[in-house]
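# Notes for the structure review
Chain by chain, the residues:
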Amino acid sequence: KKDETVSSYKRECVTDIRSDVKEGIKKLKEKFFFEEFSEMVLHEQYAGKALNTMFSLANRYLEKIREAKQEKNIIDFNDMEIQLEQLLEVEEVRKEIQTQYSHLFIDEFQDSSPIQVRIFEKLSQLVQKTYAVGDPKQAIYDFRGADTALTQSVINAIAHADEDSGNKIAYLKDSRRSVPELVYM
């Protein structure tokens, strides 16, 4: 039903927008759906087989790497992270950390991967104070699993924790890395 309270100018604008959208959709269909549906399904089946082969090869490669590491009795950085996270579940290890350390300092927090954040969380439960420094705008290790969305989630959780938790965020507004003349150029 036509709303008589809407001006003719607004109706024309909406009509123009609708026409533009229809034209855009038509162009997208022509550009991306140039094949018949049955041909698209056939191509998808071939792509699926290729992907399955690729994943199968990747799994075989990873298994060969695991075997070689085990044979040579070596571990890589990812193995170290996994083993540390597992060690932090051992009560004797937890007690040793509690007696030896009172503070946890984390620098470049924005470059933390999910497993590293879990490790930091477990360690922070064992010490009296935890300090984390980081700037999501300076994240550079996403290729290694760092996740700025995760960093931002941690920041948000700290910011919204109850006041009794002792959590707080301090924003460092001044740069101590350089002289003011360089920073403010």
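Placed above this text is the structure.
Now for a quick tour of the structure. Predicted model only: the values in this text are computed from it and were never measured.

### Observations concerning the overall build of the protein
- Counting its regular elements, the protein contains seven helices and two strands.
- Helices and strands in the protein line up, N terminus first, as α-α-α-α-β-α-β-α-α.
- Buried residues in the protein amount to 12% of all 185 residues.
- As presented, the protein carries roughly 16,100 Å² of accessible surface, and 56% of it is formed by carbon and sulfur atoms.

### A closer look at the packing of aromatic side chains
- One pass over the structure, following the stated rule, counts two aromatic pairs.
- Aromatic side chains F105 and Y131 sit 5.3 Å apart centroid to centroid with 10 degrees between the ring planes, which places their arrangement in the stacked category. Here F105 is found in strand β1 (residues 103-106), whereas its partner Y131 is found in strand β2 (residues 129-132), with 26 residues between them in sequence.
- Look at F109 and F120: their rings are 6.1 Å apart centre to centre, the planes differ by 40 degrees, and that puts the pair in the tilted class. Of the two residues, F109 is situated in the loop between β1 and α5 (114-124) and F120 in helix α5; the sequence distance between them amounts to eleven residues.

### Comments concerning α5
- For α5, the set of buried residues is I115, Q116, V117, I119, K122 and L123.
- In this structure, the buried residues of α5 make contact with α3 (77-87), α4 (91-100), β1 and α6 (148-159).

### Some points on the pattern of salt bridges
- Scanning all chains against the criterion turns up six salt bridges.
- Its salt-bridge partner being R66, residue E63 comes within 2.6 Å of it at the nearest N-O pair. Here the residue E63 and the residue R66 both occupy positions in helix α2 (residues 37-72), the gap between them amounting to three residues, near one helical turn.
- K122 serves as the salt-bridge partner of E85, at 3.6 Å between the closest nitrogen and oxygen. Taken together, the residues span a long stretch of sequence, with E85 in helix α3 and K122 in helix α5 at a distance of 37 residues. The pair formed by E85 and K122 is uniform in burial state, with each residue classed as buried.
- Three or more residues joined by partner-sharing salt bridges are found here, namely E85, E89, R118 and K122.

Each value, and the rule that gives it
- Residues numbered from 1 in each chain as written.
- Predicted model: local features only at pLDDT ≥ 70, side-chain atom pairs only at ≥ 80, totals over all residues.
- Heavy atoms only, no water.
- Helix = DSSP H or I, 4+ residues; strand = E, 2+ residues; numbered from the N terminus.
- Buried < 20%, exposed > 50% of the residue type's maximum accessible area, 1.4 Å probe, protein only.
- Areas by Shrake-Rupley, 256 points an atom, 1.4 Å probe, with all protein chains shown as cover.
- Phe/Tyr/Trp six-rings, centres within 6.5 Å; stacked < 30°, edge-to-face > 60°.
- Contact = heavy atoms within 4.5 Å.
- Salt bridge = Lys/Arg side-chain N within 4 Å of Asp/Glu carboxyl O.

Interpretation note: all reported values are geometric properties and have no functional meaning in isolation.
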